[in-house]
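For reference, the chains in residue letters:
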Amino acid sequence: NLLYLAQNHLNGEIPHVIGDFSELVDLDLSQNEFSGTIAVDISKLKKLKHLWFDNNTLTGVIPPEIGSLTQLEGLGLAKNQLEGAIPTEIGSLINLKHLGLGTNQLTGTIPSVIGNLKELTFLDLGINQLSGEIPTELYNLKNLLSVWLHNNDLEGEISPKIGSLTKLEKFY
């Protein structure tokens, strides 16, 4: 149920065969030297609750198929070289508590479907190239404790609805 190989010097592409480990619940390959793209085969891991690929050198886009991992509670893809837009399919991850996409090269706007993630307590989209306004749907996430949006190209006003985030401890 667990594949934990974090904090090593593993490199190369993440093997596509990982998608065949159908019983995996926790997959942590963070803090390695993996490169290449995130294989769509990951979407076959329907029991996955935690997916940590932080701190590698992964490139390409976040595959939209990641939205089929509806059991996910934690998704960490921060500190890679991912690019393109945040896929709207991320709004299907309704059990997500931790979403870490910071320190990449993501572009486009923050999708309004982020408002579907009612269980979210941690949101890191900082240090990317995101633009546009902060979607008002974000202010409906009542469980948020920490939000990182710093070092992007965001514009507009901060809505007075920020006051509805009563559990919020940090907003960068």
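Everything that follows concerns the structure shown earlier in this document.
First, a word on scope: everything that follows refers to the structure included in this document. (Residues numbered from 1 in each chain as written. Predicted model: local features only at pLDDT ≥ 70, side-chain atom pairs only at ≥ 80, totals over all residues. Heavy atoms only, no water.)

Structural notes on the environment of L29
Here is step 1: Secondary-structure assignment places L29 in the loop between β3 (26–28) and β4 (33–36).
Here is step 2: On the basis of relative accessibility, which here comes to 2%, the residue L29 falls in the buried class.
Here is step 3: Not counting chain neighbours up to four residues away, the residues in contact with L29 comprise L5, A6, I14, I18, F34, W52, F53 and N56. (Helix = DSSP H or I, 4+ residues; strand = E, 2+ residues; numbered from the N terminus. Buried < 20%, exposed > 50% of the residue type's maximum accessible area, 1.4 Å probe, protein only. Contact = heavy atoms within 4.5 Å.)

Observations concerning empty space enclosed by the protein
Here is step 1: Applying the stated criterion to the full structure yields 1 cavity of 30 Å³ or more.
Here is step 2: In this model, the largest cavity occupies a volume close to 30 Å³.
Here is step 3: What lines the largest cavity is simply I38, A39, V40, I42, S43, P63, E65 and I66.
Here is step 4: Here the residues of the lining of the largest cavity sort into 6 nonpolar, 1 polar and 1 charged. (1 Å grid on protein atoms, 1.4 Å probe; cavity = no way out; pocket = protein on both sides within 12 Å on 5 of 7 lines; lining within 4 Å. Points joined across faces, edges and corners; volume = space filled by probe spheres on them. Nonpolar A, V, L, I, M, F, W, Y, C, P; charged D, E, K, R; others polar.)

Focus: the pairing of β4
Here is step 1: Every second residue of β4 is oriented toward a common face, the buried set being F34 and G36 and the non-buried set E33 and S35.
Here is step 2: The pairing of strand β2 (residues 11–13) with β4 spans 3 bridges and is classified as parallel. When the bridges of β4 are listed, E13 appears paired with S35.
Here is step 3: Judged from the 2 bridges that link them, β4 and strand β6 (residues 57–58) form a sheet pairing that is parallel. Bridge assignment links G36 to a residue of β6, and that residue is L58. (Pairing = 2+ DSSP bridges.)

Describing the sheet that holds β2
Here is step 1: One open sheet accounts for 3 strands, arranged β2-β4-β6; its pairing is parallel. Among the strands making up the open sheet, the edge pair consists of β2 and β6.

Quick word on the sheet that holds strand β8 (residues 83–84)
Here is step 1: The 4 strands lie next to each other as β8-β10-β12-β14, forming an open sheet whose pairing is parallel. Both outer strands of the open sheet, β8 and β14 (153–154), are each paired with one neighbouring strand and no more.
Here is step 2: Strand direction decides the pairing type here: strand β10 (residues 105–108) and strand β12 (residues 129–132), joined by 2 bridges, are parallel. Across the sheet, residue T107 finds its bridge partner in β12, namely Q129.

A look at the packing of aromatic side chains
Here is step 1: By the definition in use, this model includes 2 aromatic pairs.
Here is step 2: Measuring from centroid to centroid gives 5.6 Å for F122 and W148, while their planes differ by 70°, and the two rings are edge-to-face. Of this pair, F122 sits in strand β11 (residues 122–124) while W148 sits in strand β13 (residues 146–148), and the two are 26 residues apart along the sequence.
Here is step 3: Looking at F122, the relative accessible area reads 18%, which means it is buried. (Phe/Tyr/Trp six-rings, centres within 6.5 Å; stacked < 30°, edge-to-face > 60°.)

Overview of the pattern of salt bridges
Here is step 1: On inspection of all chains with the given rule, the structure shows 2 salt bridges.
Here is step 2: K44 is the partner of D20 in a salt bridge, and the nearest nitrogen-oxygen pair spans 3.1 Å. On the criterion of sequence distance, the pair formed by D20 in the loop between β2 and β3 and K44 in the loop between β4 and β5 (50–52) is long-range, its members being 24 residues apart.
Here is step 3: Looking at K44, the relative accessible area reads 42%, which means it is partly exposed.
Here is step 4: Taking the shortest distance from any N to any O, the salt bridge between E23 and K47 comes out at 2.7 Å. Taken as a pair, E23 in the loop between β2 and β3 and K47 in the loop between β4 and β5 lie far apart in primary sequence, 24 residues in all.
Here is step 5: Overall, the relative accessible area of 43% leaves E23 in the partly exposed class. (Salt bridge = Lys/Arg side-chain N within 4 Å of Asp/Glu carboxyl O.)

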